[in-house]
Amino acid sequence: MGLAPNATNITVRQVLEKLDGEFAATAKAVENGEFALWVGSGISRKAPSLGGLIAAAIEYLRIRAVDPATKAEYMPALDEALQLAGTDRTAVGADLHLAFVAWGARDAIVNALWNSYSRVLDIRVGADPGDFILWTAIDIRRQFENPPPPAASHLCIALLVLEGAIKTIASGNWDGFIEAAIHRLGGSIPGILQVVVDPDQLRDPPGQARLLKFHGCIIHAEQDEGRYRRFLTGSHTQIAMWPNNPDFAAMRNEVLGIATNRKTMVLGLSIQDMNLQGVFAAATGINKWPWPCAPDAPGHVFCEDQITQGQRDVLRIVYGDEYNGNVSAINAASHMRAWGEQVLVALVLKTVADKLNCLMGLALDASGRGALLAPLTASVNALRDQMADGALVDNVDQSRTPAVNMGIALWSRAMSVFRGGQLQHDPAAYEPISPNTIGLLATDQNARASRLGHLAIVLALLEYGRSTAQWSLASPANDDLSAGVASLQACRAGAPARPVFLVKSASEAIRLQADNAYTNDNALVIHSDDTWHLTMASRSSRSPSSAPGRTESLAPSHVSVESLLQASSDIDELRAAFAAEVML
C-alpha cells in the first residue's frame, strides 16, 4: 500500500473522496451554511511574501543606520532587528554597508525573523507612530499595489458565497482578493459581500455573505487612511492589545459570536496569535462544542499538511477534558490533510453536483420517475469526478487557477444558453444555480421552475454515453455562439463533431435560431421540456416511425428529454432512447 498523499500532492479527486467518505458530515454542513471560513495568508500566496516585507524593513533601517545624519535614530532599531534574528552588527561585519539583498546572512536572518514578524513590526524609531515599520519602512501600501487577479482559492470562496454555502468569512489578511473575486464572479453587482473593517460597517446593509477583516485591510487604508489605518494589526503590541482595544470592541463581539455559533473551517491560518486563541477560549465559555459530535460535523476542521501548534491549542481549548483520551480521534476528525486550494475546489464541485442532484430528485419525483434518481445521480457524480481530474496545477502559474477559470467559463456559458438562449452578457461572471443552500432548494420556486433538475438529467445522460464509449465530449471548438456549450462526436468512423446546445424550452431554441447559432448543420439541440416537440412537430418532416424524442430528421436535431423520460419505463430504456437520438 502506498503512502497517503500529503497536503501538496493530494488531488482534487482524492479530496472529493474524503468529502464523500470520512468528511461527508463536514461537506453536508458546508453545503447547508453551517461553517464559517477562517482564512489567513496561506490562501493568498501571490500577496507580498512575509520574507519580502521583512527584507524591506531591514533595508530601510540599514540605509538610515549607516548614514551619519540619521545613525543615532536608526541604528538602535536595526540592532533590535538583528538581535531578534539571533545575530548582531559584529557578525554582519562589512556587509552592513551593502544592500541587504547582498548580505551573506540574508536568508538566515529572514528565516529567523519569519516567526517573529510581529516583533519586527513592533520595533520603534524615535517618536514616530507605533506602526512606523509597517506603514513607512515597509511602505505596505506600495507592497500591495497592482495585485494579481484572484487565485483559485479566492474564486472558489466566491463561488461558495454565490451558491449560498458560505455566509461568513473571518479573515486575518490585509489583501482584497476575496472582494475582487466576488466582484468579478458576481457580475460587478454591489452589495453581494458586506465587508467589515471598521466596526461601524457592521451596521451596513447585509449581503449574501459577510467578510470580517479583523486585522484590518490595506485596500481600505489606502483609500481612507484617516479612517482605516488604525485597524491594520500586525505588531506584537497591537495583537496583545486587540482584546482590550476599544476600536475593536464590536468586531471582537462579532468574531466571538462566529466562534461560538458557527462551525469553523480554517484555511491558511495558523491561529498562533493569542488574540485569536482567546476568542475561541471565550466562545468555549459561552457554549462548548461537543465531543463526540456524530452524526454532526466536528466543530473545527483544519486544512493543513500537519495541524500546527496554534491549531492544536484551539482543539485543547474548545474540547477541554474531552480532548484527553480522545486526542487521536479528535485530531483525525479535525484534520483534512489538503491545502485550502484543493479543498475549496472540491467543495465547489460537490456543492454544484449535489444541488443538481437535489433538483433532479425533485423533478423526477414530480413526474413519477423517482426510481431513476440513483443511477442518474451516479452519472452526475461521475461527471463531477471528471471535472475534478481536470483541476490540475498549471505548469506556468503553479496553481489550479487556470483550470478553475476555465471551469467557471464553461459552466456559465452552458447555464446562460440553457436559461436564456444566449451567451452571458459578462463573460467573467458566474451563473449560480441558486443562492439558497441545498436544504432550502425545495422551497426555491425559481430554481425549480428553471428546470435545472432536467438539465441535470441531460448531463447525466451525456456523461453515461461518454463513459460507455458511445461518444466523446469536448469543450466548444471556439468562443462563437455557434460552437454551442460542448462538442459531441460519436465513437464511430467518420462521425462528425457536433455542437451541442442545452436549452430549457422552445423559446431559448428559437432565440438561438434567430441569432444564427445553428450555422453548423450538425447542431444538436437538447430540450429539457417537450414544448418544441408539441408545437413544432407538425412542421417537421420526420416520419411517423421516428423516436419520441426527435422532432426533426433534418439537421439541426432537436431532442426532448421530457418526451424521452415519459416514454421510458426504466433507466436502461431512457439511456438507450437518448443514445439513439444523439447518435442519429
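Definitions and limits used
- Residues numbered from 1 in each chain as written.
- Predicted model: local features only at pLDDT ≥ 70, side-chain atom pairs only at ≥ 80, totals over all residues.
- Heavy atoms only, no water.
- Helix = DSSP H or I, 4+ residues; strand = E, 2+ residues; numbered from the N terminus.
- Buried < 20%, exposed > 50% of the residue type's maximum accessible area, 1.4 Å probe, protein only.
- Contact = heavy atoms within 4.5 Å.
- Areas by Shrake-Rupley, 256 points an atom, 1.4 Å probe, with all protein chains shown as cover.
- Lys, Arg positive; Asp, Glu negative; His and termini not counted.
- Charge placed at Lys NZ, Arg CZ, Asp CG, Glu CD.
- Arc of directions from axis to C-beta.
- Salt bridge = Lys/Arg side-chain N within 4 Å of Asp/Glu carboxyl O.
- Core = buried A, V, L, I, M, F, W, Y, C linked by side-chain atoms within 4.5 Å.
- Polar contact = N/O pair within 3.5 Å; in protein donor to acceptor, adjacent residues only side chain to side chain.
- Pairing = 2+ DSSP bridges.
- Axes fitted to C-alpha atoms, helices over the stretch in contact; angles between N-to-C directions.
- Parallel < 35°, antiparallel > 145°, perpendicular 65-115°, else oblique.

Draft legend 1. Molecular detail of the overall build of the protein. Counting its regular elements, the protein contains 27 helices and 12 strands. On the principal axes, the C-alpha backbone points of the protein span a range of 100 × 55 × 50 Å. Here the protein holds 584 residues, and 52% of them are scored as buried. In the protein, 68% of the contacts between residues at least 6 apart in sequence involve partners at least 24 apart. When the accessible area of the protein is evaluated, it comes to approximately 24,600 Å², of which 53% is carbon and sulfur surface. Taken as two groups, the 47 positive and 60 negative side-chain charges of the protein have centres that lie 2 Å from each other.

Draft legend 2. Inspection of helix α18 (residues 327-334) at higher detail. All buried positions along α18 are accounted for by Ile 330, Asn 331 and Ser 334. Within α18, the buried residues cover an arc of 100° as seen down the axis, which keeps them to one side. Looking at the buried residues of α18, the elements they touch are β6 (300-303), α17 (309-319) and β7 (335-336).

Draft legend 3. Layout of the pattern of salt bridges. Counted by the stated rule, this structure contains 30 salt bridges. For the salt bridge of Asp 20 with Lys 350, the shortest nitrogen-to-oxygen distance reads 2.9 Å. In this pair, Asp 20 sits in helix α1 (residues 12-20) while Lys 350 sits in helix α19 (residues 340-366), placing the two residues 330 residues apart along the sequence. Take Asp 20: its relative accessible area is 40%, and that puts it in the partly exposed class. Take Lys 350: its relative accessible area is 10%, and that puts it in the buried class. Salt-bridge contacts for Asp 385 lead to Arg 384; the nearest nitrogen and oxygen are separated by 3.0 Å. In terms of burial, Asp 385 and Arg 384 fall into one category: buried. Members of the salt-bridge network, linked through shared partners, are Arg 13, Asp 20, Lys 350, Asp 354, Arg 384, Asp 385 and Asp 389.

Draft legend 4. Representation of the nonpolar core in the model. Counting 184 residues, the largest nonpolar core has Trp 38, Ile 133, Met 265 and Leu 502 as the members making the most contacts within it. Broken down by element, this core gets its largest block of residues, 14 residues, from α19. In this structure Met 265 touches Thr 26, Val 30, Phe 35, Ala 36, Leu 37, Trp 38, Val 301, Cys 303, Val 343 and Leu 347, once residues within four positions along its chain are discounted.

Draft legend 5. The arrangement of the environment of Arg 451 in detail. The residue Arg 451 is located in the loop between α22 (445-449) and α23 (452-467) in this model. Dropping the residues within four chain positions of it, Arg 451 is found in contact with Phe 418, Lys 504, Ser 528, Asp 529 and Glu 562. Polar side-chain contacts of Arg 451 include one of 2.8 Å to the side chain of Ser 528.

Draft legend 6. Quick look at the environment of Lys 213. Tracing the backbone shows Lys 213 in strand β4 (residues 209-213). Judged by its relative accessible area of 1%, Lys 213 is buried. A C-alpha to C-alpha distance of 23 Å links Lys 213 and Ile 317, two positions 104 residues apart in sequence. Among the polar contacts listed, one links the side chain of Lys 213 to the side chain of Glu 179, at a separation of 2.8 Å.

Draft legend 7. Region of interest: the sheet that holds strand β9 (residues 486-490). Reading across from one edge, β8-β9-β10-β11-β12 is the order of the five strands in this open sheet, with mixed pairing throughout. Each of the sheet's edge strands pairs with one partner strand only, and the pair in question is β8 (471-474) and β12 (557-560). Sheet twist, expressed as the average angle between the axes of neighbouring strands with direction ignored, equals 30°. Two strands pair when backbone bridges link them, and strand β10 (residues 497-503) and strand β11 (residues 524-527) are joined in this way by four bridges, in the parallel orientation. Looking across to β11, one finds that Phe 501 is bridged to Val 525.

Draft legend 8. Geometry of the environment of Ala 409. As for its placement among the helices and strands, Ala 409 is situated in helix α21 (residues 401-420). Spatially, the C-alpha atoms of Ala 409 and Ala 428 are 7.2 Å apart, while their sequence positions differ by 19 residues.

Draft legend 9. Molecular detail of the packing of α1 against helix α20 (residues 373-389). The interhelical angle for the contact between α1 and α20, taken along N-to-C directions, is 140°, at an axis separation of 8 Å. As judged from the angle between their axes, α1 and α20 are oblique. Taken together, the residues of α20 that come into contact with α1 (itself represented by Val 12, Arg 13, Leu 16 and Asp 20) are Arg 384, Asp 385, Ala 388 and Asp 389.

Draft legend 10. Broad picture of the sheet that holds strand β1 (residues 35-39). An order of β3-β4-β2-β1-β5-β6-β7 is seen for the seven strands of this open sheet, with the pairing classed as parallel. Edge positions in the sheet fall to β3 (193-196) and β7, since each has one partner strand and no second. Note that strand β2 (residues 168-171) and β4 share four bridges and pair parallel. Among the inter-strand pairings, Thr 168 is bridged to a residue of β4, identified as Arg 210.

Draft legend 11. Seen up close, α1. Buried residues of α1: Val 12, Val 15, Leu 16, Lys 18 and Leu 19, and no others. Across the axial projection of α1, the buried residues extend over an arc of 155°, all falling on one side. On the buried face of α1, the contacting elements are α2 (24-31), β7, α19 and α20.

Draft legend 12. Structural view of unusual backbone geometry. Cis geometry is found at the peptide bond from Trp 291 to Pro 292, where omega equals 0°. If you trace the backbone, Pro 292 turns up in the loop between α16 (274-286) and β6. Cis rather than trans, the peptide bond between Ala 294 and Pro 295 has omega equal to 10°. In this structure, Pro 295 sits in the loop between α16 and β6. Phi at Gln 398 takes a positive value of approximately 60°, unusual for a residue other than glycine. With respect to the helices, strands and loops of the structure, Gln 398 is situated in the loop between α20 and α21. For Gln 398, a relative accessible area of 56% puts it in the exposed group. Although it is not a glycine, Asn 516 adopts a positive phi angle of roughly 60°. Within the fold, Asn 516 resides in the loop between α24 (506-514) and β11.

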